[in-house]
Amino acid sequence: MIHPSLHAKTQHFLAVAETLSFRKAAQMLGIAQPALSRSIRHLERQFGFPLFERSTRHVALTPAGETLYREAAEAMRRLTRAFARASAVAQGLSGTVMVGYSTFAATGPMSDVIIEFRKKYPEAQVGLRLLASSEQSEALNEGTIDLGFMMSNVSSGPQKSIPISRERLIAIVPASHAWAKQRSITLRRIATAPIVIGTASRWRGFRMLVDDMTAAKGVTLNVVEEADDLPVLLQLVRSGFGCTILDASFVPTLPPGIKPLEIKDAKATLDIALAWREDSLSPLTARFIEVARELIKSPKG
């Protein structure tokens, strides 16, 4: 670490080197000229070589002084930038916030929150990690992410959250299926069909939601195939392996060959929350949450 007295002497040296005048440098620094002269002499004794050639009418840098001036001036510029950046991070104006998000959150207002945050804090960076909601909860507790856009039924323990979106659940069937001509269907009818759905490990929160919903109606889904990834799941539906259940936010992005149906008696909704840990909240993370609160309070459109 730079000793405070050496830092001050370096500033004194730079002022004299820039002006080549002890009088002008003293005025620039707001100190007495004799004090400035003593500071430079102390610095020269400390280094063991002269930095300036002096006469009653002339001040010039020695070759060693010129080298020190070039290096010290750049070092001071870098130090000034470093202090400015550190200050911005401390104030929550700069740095990186690590954000986890689930497949279900990606189609909601998450992108609007991130875009608004970047507009408001252009010096800040947002790192994104695609994680299942349960994985996000673990990552928050481990400190590997700062925030998580996750299913609200998964957030637990010391985590705090705010609601981001709420979507109804719908059925997805192959376009060639007899049900594709209908506009809606009941859970009891869905339970008679083969079902493809996300794996219990990666889609744990969603599977809990669907299981609770069907159990409340006294039915059990006939799961014949599972997949980790949504594109694979939709391809299985399109190929006629079975039907599935998703939330309505996916409807605008569904590929050809499949048809969404309303579920008449689906009372459950898929709720996405923005979660964090209050005990590890950085200034930048707090600003991200503030932007999310304002955007959800006053949605676009």
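Look a little higher up for the structure.
Here is a short report on the structure shown in this document. Owing to the predicted nature of the structure, the values given are computational and were not obtained by experimental measurement.

## A word on the overall build of the protein chain
Helices and strands together make up the secondary structure of the protein chain, namely eleven helices and twelve strands. In the structure as shown, the protein chain presents an accessible area of about 16,100 Å², 53% of it carried by carbon and sulfur atoms.

## Concerning the side chain of threonine 214
With respect to the helices, strands and loops of the structure, threonine 214 is situated in helix α9 (residues 204-216). Judged by its relative accessible area of 3%, threonine 214 falls in the buried class. A distance of 3.1 Å separates the side chain of threonine 214 from the backbone oxygen of aspartate 211, its partner in a polar contact. If near-sequence neighbours (up to four positions away) are discounted, threonine 214 is found in contact with Leu187, Val219 and Leu221.

## Side note on helix α3 (residues 33-47)
The end-to-end C-alpha separation of α3 is 21 Å, in line with the 21 Å expected for 15 residues at 1.5 Å each. Where α3 is concerned, the buried positions are Leu36, Ser37, Ser39, Ile40, Leu43 and Glu44. Along the long axis of α3, the arc covered by the buried residues comes to 160°, so they all point the same way. Looking one or two residues past α3, glycine 48 carries a phi angle of roughly 90°, positive in sign.

## Considerations on the packing of helix α6 (residues 110-120) against helix α11 (residues 283-297)
The packing of two helices is summarised by the inter-axis angle and the distance between the axes. The contact between α6 and α11 brings their axes to 9 Å, and the two run at 120°. It follows that α6 is oblique to α11 by the angle criterion. Read as a crossing pair, α6 and α11 show a hand that is right-handed. Facing α6, whose interface residues are Asp112, Val113, Ile114, Glu116, Phe117 and Lys120, α11 presents Leu284, Arg287, Phe288, Glu290, Val291, Ala292 and Leu295. Across the contact of α6 with α11, the residue classes break down as eight nonpolar, no polar and five charged.

## Considering α6
Within α6 the residues assigned to the buried category are Met110, Val113, Ile114 and Phe117. Down the axis of α6, the buried side of the element spans an arc of 95°, and every buried residue falls inside it.

## Some words on the nonpolar core
One finds Phe104, Phe149, Ile190, Phe206, Ile245, Leu274 and Phe288 to be the most contacted residues of the largest nonpolar core, which totals 64 residues. Among the elements that make up this core, the one with the highest residue count is strand β6 (residues 159-174) (seven residues). Leu14, Phe22, Ala25 and Leu36 belong to the second largest nonpolar core, which has 17 residues in total.

## Quick notes on unusual backbone geometry
For leucine 20, which is not glycine, the phi torsion reads 50° and is therefore positive. The residue leucine 20 is located in the loop between α1 (4-19) and α2 (22-29) in this model. A residue is classified by how much of its surface remains accessible, and leucine 20, at 39% relative accessible area, is partly exposed.

## Comments concerning the packing of aromatic side chains
In the structure shown here, the tally under the stated rule is ten aromatic pairs. Ring geometry for tryptophan 203 against phenylalanine 206: centres 5.8 Å apart, planes inclined by 80°, an arrangement best described as edge-to-face. We classify tryptophan 203 as buried; its relative accessible area is 6%. In this structure phenylalanine 206 comes out as buried when scored by relative accessible area, which is 0%. Here the aromatic cluster, defined as three or more aromatic residues joined through ring pairs, consists of Phe104, Trp203, Phe206 and Phe250.

## Here's the deal with the pattern of salt bridges
According to the stated counting rule, one finds six salt bridges in the structure shown. Residue arginine 54 is joined to glutamate 44 by a salt bridge in which the shortest nitrogen-to-oxygen separation is 3.0 Å. With arginine 54 in strand β1 (residues 52-54) and glutamate 44 in helix α3, this residue pair connects regions lying ten residues apart in the sequence. Judged by relative accessible area, which is 10%, glutamate 44 ranks as buried.

## Some thoughts on the pairing of strand β10 (residues 244-247)
Every second residue of β10 is oriented toward a common face, with Thr244 and Leu246 on one face and Ile245 and Asp247 on the other, all of them buried. Across four bridges, the pairing between β6 and β10 is antiparallel. The residue bridging isoleucine 172 from the neighbouring strand is threonine 244, located in β10.

## What to know about the packing of α2 against α3
Remark: α2 packs on α3, axes separated minimally by 9 Å, with the N-to-C direction vectors making an angle of 105°. Between α2 and α3, the interaxial angle falls into the category roughly perpendicular. For the pair α2 and α3, the contacting residues are Phe22, Arg23, Ala25, Ala26 and Leu29 in the first and Gln33, Leu36, Ser37 and Ile40 in the second. Tallied by class, residues from the contact of α2 with α3 come to six nonpolar, two polar and one charged.

## Points about the pairing of strand β3 (residues 95-101)
Looking at chain direction, β3 and strand β4 (residues 124-130) are connected through seven bridges and run parallel. By the bridge assignment, methionine 98 is partnered in β4 with glycine 127.

Calculation criteria
- Residues numbered from 1 in each chain as written.
- Predicted model: local features only at pLDDT ≥ 70, side-chain atom pairs only at ≥ 80, totals over all residues.
- Heavy atoms only, no water.
- Helix = DSSP H or I, 4+ residues; strand = E, 2+ residues; numbered from the N terminus.
- Areas by Shrake-Rupley, 256 points an atom, 1.4 Å probe, with all protein chains shown as cover.
- Buried < 20%, exposed > 50% of the residue type's maximum accessible area, 1.4 Å probe, protein only.
- Polar contact = N/O pair within 3.5 Å; in protein donor to acceptor, adjacent residues only side chain to side chain.
- Contact = heavy atoms within 4.5 Å.
- Expected span 1.5 Å × (residues − 1).
- Arc of directions from axis to C-beta.
- Axes fitted to C-alpha atoms, helices over the stretch in contact; angles between N-to-C directions.
- Parallel < 35°, antiparallel > 145°, perpendicular 65-115°, else oblique.
- Left-handed = near helix turned anticlockwise from the far one by under 90°.
- Nonpolar A, V, L, I, M, F, W, Y, C, P; charged D, E, K, R; others polar.
- Core = buried A, V, L, I, M, F, W, Y, C linked by side-chain atoms within 4.5 Å.
- Phe/Tyr/Trp six-rings, centres within 6.5 Å; stacked < 30°, edge-to-face > 60°.
- Salt bridge = Lys/Arg side-chain N within 4 Å of Asp/Glu carboxyl O.
- Pairing = 2+ DSSP bridges.

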